[in-house]
Every structure is written in C-alpha cells, then in structure tokens.
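Summary of structural features
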Amino acid sequence: MVDLRRAAAIVGIHEHVTRYSPDKSELQIQGESVIKALADAGLAKDDVDGLFTASSSIRNSGMNLADYLNMYPSYVDNTTVGGGSFEFHLSHALTAIAAGRINVAVITYSSLARSGGVSVGTGGVGRFGHPILDPSPDSFEELYGLTTVGLYAMIARRHMHLYGTTSEQLAEVSVAMRHHASMNPEALFRDPITVEDVVNSRVISDPLHLMDCCIISDGGGAVVVASPEVARNCRHTPVWVLGAGEAIAHQGAGKRDLIYIAAHQSSPRAFEMAGVTHDDIDMAMVYDSFTITVVETLEDLGFCKKGEGGEFVSGGRLKVGGALPINTDGGGLSSNHPGMRGLFLLLEATRQLRHQFDGTGRQVPDCKIALAHGTGGALGSRHSGGTVILARD
C-alpha cells in the first residue's frame, strides 16, 4: 500500500460569515470564499489546478463555478454524497496530488437554504425527475413522504429500545454544542441552554425535540489543499492529511442493521492509513444534523462501544476541557447548517490545529491531531460517511 500520510496539506481556509444573505447568490458566496481562502494561503487563482464542489443545484457545478471565477482547472470533481461530500473531496484531492496530477486544489460549497426557505430535514423527501420515467428510490420506499427528521427519529427510537439511551443523554450533545457556540461570535444561536431546555422543547418527530435538530442557515466556505512542495511555502504552517476513509450505507435489500452507519466502514480505513489510535485524537468534528447522529457516529468511529454512546456524550466529555471536545464552533446544532455542513468540519479542525484560538476558552489545549467525519443523506436510509484525520505540522 502506498503511504499517503502527509502527501497533501490544508494551507488555506475561509468561512463566509453569513447566516442569512438573501442579497447574494450561491456562486457569489463561493467566489468570495475561494478568493479569501487563497489569500489566506498566500496563493492566487492561477495556482489552482483542481476544483472540487458539491451542490444540490446544477447552478453550482464545477463547470459553472470555474466560469464564474474565470479559472481553468485541469481536474474537476463534483462528487455529491450529501453533507459528507467534502471529506470525500479531501480524500480525492489527496490522491490526485499524490499521483502528481495536480498541485493545488480548492474545495468549496455554499447554500442559501435559509434565504430560500428550504425546510432542511423537515420538508419531506424530495422527488427528483419525472415520477414515472425517472423515479427516485424514495418513491417506492416512502409512499407518504417520510421526512429526514423522521428517518433520524427512527434511528433514535431504535437506539433507545436496544440500549436504554435517554432523551436527556441526547440533550447533552445540544448543550455542549451551544456551550461552544457561545464562544463563537459568528454562531447563529449563542445563548446557553440546559438539558431541561432541550427535552422541554417541542417534539418534531418523536423522540427528537426541536433542540435535537440542526438549525437552518445560509453559508459557505472554501479549503485550499496543496502538495508538500507548495505547502512549505504558504503563509501558514501546513495542516497535514494523515488518513481518509469513504463509505456508503444503504438499505441492503432490506437486511441492513440500522444501528450501524457508514462511519463503521470508513473510520477503520482512516485510522489504519493515518497510523494513529483513538487516544491520539485531541478533538473531533462530527456531523451533528441531529443529536442521535453524534451518538451513533462516535460509537461507529470507535470512541466507545456500541450502545454506550448515550453515556459517552454525557458529563461534559464533549466540551473543551473534556476528554473528547467536538464541534468547537457550535456545530450544526447551534452555529450553522446550510444544507450540507461537511466543509465546516474541515474549517474548524484546521483552525484548532493552527491554534488560532490560543488564549481563549474555545481552543483545545495542545491540539495536534483532529478527526473530522461528515455524514450525508439520512441515517435511516442511504447515506455517506467520510472520515479524515488531520495533524498539526
């Protein structure tokens, strides 16, 4: 096996601070983010030969984005597997750089979900294409239009039935994310909350309450990835890619165990490639579309045994200063969630590994190795899992 550890590094980042921008287009948010991420790296548009993006809209294809930015990349990747797309993109950029096909890649995303009134998670499963000539699988499985939150609620109820997981334990995830959001001036919701606040918020899909669910916002950003030769000459010390794993989970012809998700497949590959153990991970960015997403993901990433996730996330373990701080920007539960959030996991992990928050309560002390795991689709149905492990120079 080819050793790809440190074959590429994140050298530039930018998060668009918007949470509501009805006056902007998605391409404008991406364009602004790409230019600022390149400036953060000390690079220019002409240095970019790989362009990676994902979107639910054809308007944001790599072809249209290249036109908008007046760029001429030799490598374009539109892989779209939901919120985990950007961890897949980082994995693909790593291998393309290692193969010598490109030297500098930009991964970017934007969405105007909030401005557009898109009911992410609660508005029903979309049916794309002609219902007869081009039906989606959902048309056969979800006759009356299951919502995304309904699929996650099914997973939560199953976990509770098998392992005794409680609503109070799920609420601990929201409380920790809000604690981190209180230290992030860009987070949409910053006021502290308690476990009681979460379990007393209205039920959206039993057993998930309002505060168990991600927020809906606009947003976007960009990540610049470069070869070691380029990375050494950039403005910031590199954040190296140590390992990556990709996976897809689906219904398995009706035989799938709903308690295991795609992270169960992707994480062993990432850890093996990185050559690190769970004890080496100083912080993690875990996709938090819903509180149950975090519980099941941490189990399948191997941080605790199956069924112990509820206990694992309790007692302040997920907060900065705890055993495994996660989502130090406030996550999708409190900071932002513009349809697909996987890019923001890479942004915050990079900031932590740069020690960008030194001297503040948001910084994970002596952060050297971080894990990011993106989830796309819905845990109760088809979904993706992308695991990446990053290291400080």
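These remarks concern the structure in this document. (Residues numbered from 1 in each chain as written. Predicted model: local features only at pLDDT ≥ 70, side-chain atom pairs only at ≥ 80, totals over all residues. Heavy atoms only, no water.)

Under the counting rule described, the total for this entry stands at three aromatic pairs. The interplanar angle of 35° and the centroid separation of 4.5 Å between the aromatic rings of Tyr152 and Phe290 together place this pair among those described as tilted. Of this pair, Tyr152 sits in helix H5 (residues 148-163) while Phe290 sits in the loop between strand E9 (283-286) and helix H10 (291-301), and the two are 138 residues apart along the sequence. Considered together, Tyr152 and Phe290 belong to a single accessibility category, that of buried residues. We note Arg317 situated over the ring of Phe312; from NZ or CZ to the ring centre the distance is 4.5 Å. (Phe/Tyr/Trp six-rings, centres within 6.5 Å; stacked < 30°, edge-to-face > 60°. Helix = DSSP H or I, 4+ residues; strand = E, 2+ residues; numbered from the N terminus. Buried < 20%, exposed > 50% of the residue type's maximum accessible area, 1.4 Å probe, protein only. Lys NZ or Arg CZ within 6 Å of the ring centre and 35° of its normal.)

A separate point is the nonpolar core. Ranked by internal contacts, the top residues of the largest apolar core, which has 43 residues, are Ile281, Leu298, Phe303 and Ile389. Counting residues per element, the ones that place at least two in this core are H5, helix H6 (167-181), helix H9 (263-274), E9, H10, strand E10 (369-377) and strand E11 (383-392). Per element, the largest residue contribution to this core is seven residues, and it comes from H5. The contacts of Phe303, once residues within four sequence positions are left out, are Phe271, His278, Ile281, Leu298, Phe312, Leu324 and Leu371. Ala8, Tyr75, Met273 and Phe344 belong to the second-largest nonpolar core, a separate cluster that totals 42 residues. (Core = buried A, V, L, I, M, F, W, Y, C linked by side-chain atoms within 4.5 Å. Contact = heavy atoms within 4.5 Å.)

Turning to the pattern of salt bridges, a few remarks are in order. Evaluation of the coordinates by the stated rule reveals 14 salt bridges. A salt bridge links Arg351 to Glu15, with the nearest nitrogen and oxygen atoms 3.0 Å apart. One end of the pair, Arg351, is in helix H13 (residues 342-353); the other, Glu15, is in strand E1 (residues 9-16), with 336 residues separating them in the sequence. Here the two residues Arg351 and Glu15 agree in accessibility, since each one is buried. Lys368 serves as the salt-bridge partner of Asp366, at 3.7 Å between the closest nitrogen and oxygen. The exposure class of Asp366 is exposed, given its relative accessible area of 51%. Look at Lys368 and you get partly exposed, because its relative accessible area is 45%. When salt bridges that share partners are traced, they join Glu15, Arg19, Glu348, Arg351 and Arg362 into one network. (Salt bridge = Lys/Arg side-chain N within 4 Å of Asp/Glu carboxyl O.)

So, on to the sheet that holds E9. Picture the strands of a sheet paired through backbone hydrogen bonds; they go either parallel or antiparallel. Read across the open sheet, the nine strands follow the order E3-E2-E4-E7-E1-E8-E11-E10-E9; overall the sheet is mixed. Since the sheet does not close on itself, it has two edges, and those belong to strand E3 (75-77) and E9, each with one partner. Ignoring which end each strand starts from, the neighbouring axes of this sheet average 20° apart. Across two bridges, E1 lies against strand E8 (residues 239-249) in antiparallel orientation. Residue pairing in the sheet places Ile10 in a bridge with Val239 of E8. (Pairing = 2+ DSSP bridges. Axes fitted to C-alpha atoms, helices over the stretch in contact; angles between N-to-C directions.)

What follows is about the pairing of E1. Burial analysis of E1 places eight of its eight residues in the buried class, the great majority of the element. Across seven bridges, the pairing between E1 and strand E7 (residues 218-226) is antiparallel. Residue pairing in the sheet places Gly12 in a bridge with Val224 of E7.

Turning our attention to the packing of H5 against H10. Taken N-terminus to C-terminus, the directions of H5 and H10 make an angle of 60°; their axes are 10 Å apart at the nearest point. On the basis of the axis angle, H5 is oblique to H10. For the crossing formed where H5 meets H10, the hand is left-handed. Each of Tyr152, Ile155, Ala156 and His159 in H5 lies in contact with H10, whose residues at this interface are Ile292, Thr293, Val295, Glu296 and Glu299. (Parallel < 35°, antiparallel > 145°, perpendicular 65-115°, else oblique. Left-handed = near helix turned anticlockwise from the far one by under 90°.)

The computed volume of the second largest pocket comes to approximately 220 Å³. In this structure, the second largest pocket is lined by Ile13, His14, Glu15, Val17, Asn184, Glu186, Asp329, Arg351, Gln356, Phe357 and Arg362. Per-element tally for the lining of the second largest pocket: the top contributor is E1, with three residues. Here the lining of the second largest pocket is composed, by residue class, of three nonpolar, three polar and five charged. (1 Å grid on protein atoms, 1.4 Å probe; cavity = no way out; pocket = protein on both sides within 12 Å on 5 of 7 lines; lining within 4 Å. Points joined across faces, edges and corners; volume = space filled by probe spheres on them. Nonpolar A, V, L, I, M, F, W, Y, C, P; charged D, E, K, R; others polar.)

Glancing now at helix H1 (residues 26-41). Relative to the 22 Å expected for 16 residues at 1.5 Å per residue, H1 spans 23 Å between its end C-alpha atoms, a close match to the ideal helical length. Buried residues along H1 sit against E1, strand E2 (50-53), helix H2 (62-69), strand E4 (104-112) and E7. Phi for Gly42, located one or two positions after H1, is positive at around 80°. (Expected span 1.5 Å × (residues − 1).)

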